Amino acid sequence: MKYIIFKICVLFMVAVFLSGCALFLSDVQGLWEIKEAHTKVFDKDVADCYDMTLSALAKWGAIAFQQRQDDYIVGMQFENIFKSCIDTTEVGIFFTQTDPHKTEVKVTSLNYNLSRAISQKLFEYIEKDGK
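Please read all numbers here as calculations on a predicted model, not as lab measurements.

A. Local environment of the overall build of the protein. Within the protein, the secondary structure is distributed over four helices and five strands. When its helices and strands are written in sequence order, the protein yields α-α-β-α-β-β-β-β-α. Considering the protein as a whole, with its 131 residues, one finds that 35% of them fall into the buried category. Within the protein, residue pairs in contact and separated by at least 24 positions form 51% of the contacts whose partners lie at least 6 positions apart. Summed over its atoms, the accessible surface of the protein is roughly 8,200 Å², and 58% of this surface lies on carbon and sulfur atoms.

What follows is the structure, given as structure tokens:
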């Protein structure tokens, strides 16, 4: 019996060790409060910008680590399009309706160069309607 409990504890510790940061949720509020953000207003609905952002992440091989429909997406694994980052560096993408059919998209990260590169690609992607 003690051996089984020991095995379960060891497996749990290995799982926690291997999961790293991904075991915990990201600090969405902290990403929102980063002052050096990249923003742009689009003549599109929030839902359209949100859906195109999810599509762009999938196209780039990144993942939506955490999200809330039509509000925000926290993306990770941007090393395919930005070589100078590790796969767990988070990028916060926030969506705010400023007027009817107008959406402000805000991109932030603790890695300023990553957020700048992602925002440029994302803004171009949204402007071209995902093409």
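B. Broad picture of the pattern of salt bridges. Overall, the coordinates contain five salt bridges when judged by the stated rule. Between K40 and E127 there is a salt bridge, and its shortest N-O distance comes to 2.0 Å. Note that K40 is positioned in strand β1 (residues 38–42) and E127 in helix α4 (residues 112–127), a separation of 87 residues in sequence. One salt bridge connects K102 with D43, and the closest N-O pair in it is separated by 2.4 Å. With K102 in strand β5 (residues 102–109) and D43 in the loop between β1 and α3 (46–60), the pair connects residues that are 59 residues apart, well separated along the chain. Judged by its relative accessible area of 60%, D43 is exposed.

C. Examining the packing of aromatic side chains more closely. Under the counting rule described, the total for this entry stands at four aromatic pairs. Ring geometry for Y50 against F95: centres 5.5 Å apart, planes inclined by 65 degrees, an arrangement best described as edge-to-face. Remark: F95 occurs in strand β4 (residues 91–99) and Y50 occurs in helix α3; sequence separation between them is 45 residues. The buried category is assigned to F95, whose relative accessible area is 4%. Between W60 and Y125, the ring centres sit 6.2 Å apart and the planes meet at 70 degrees, which makes this aromatic pair edge-to-face. Residue W60 is located in helix α3, and its partner Y125 is located in helix α4; the two are separated by 65 residues in the primary sequence. On the basis of relative accessibility, which here comes to 10%, the residue W60 falls in the buried class.

D. Molecular detail of the packing of α3 against α4. Following both chains from N to C, one finds α3 and α4 inclined at 120 degrees, their axes separated by 10 Å at the closest point. As the angle between them shows, α3 and α4 are arranged oblique. Along this stretch, α3 crosses α4, giving a crossing that reads as right-handed. Each of C49, M52, T53, S55, A56, K59 and W60 in α3 lies in contact with α4, whose residues at this interface are I118, K121, L122, Y125 and I126. Classifying every residue of the contact of α3 with α4 gives eight nonpolar, two polar and two charged.

What counts, and at which threshold
- Residues numbered from 1 in each chain as written.
- Predicted model: local features only at pLDDT ≥ 70, side-chain atom pairs only at ≥ 80, totals over all residues.
- Heavy atoms only, no water.
- Helix = DSSP H or I, 4+ residues; strand = E, 2+ residues; numbered from the N terminus.
- Buried < 20%, exposed > 50% of the residue type's maximum accessible area, 1.4 Å probe, protein only.
- Contact = heavy atoms within 4.5 Å.
- Areas by Shrake-Rupley, 256 points an atom, 1.4 Å probe, with all protein chains shown as cover.
- Salt bridge = Lys/Arg side-chain N within 4 Å of Asp/Glu carboxyl O.
- Phe/Tyr/Trp six-rings, centres within 6.5 Å; stacked < 30°, edge-to-face > 60°.
- Axes fitted to C-alpha atoms, helices over the stretch in contact; angles between N-to-C directions.
- Parallel < 35°, antiparallel > 145°, perpendicular 65-115°, else oblique.
- Left-handed = near helix turned anticlockwise from the far one by under 90°.
- Nonpolar A, V, L, I, M, F, W, Y, C, P; charged D, E, K, R; others polar.

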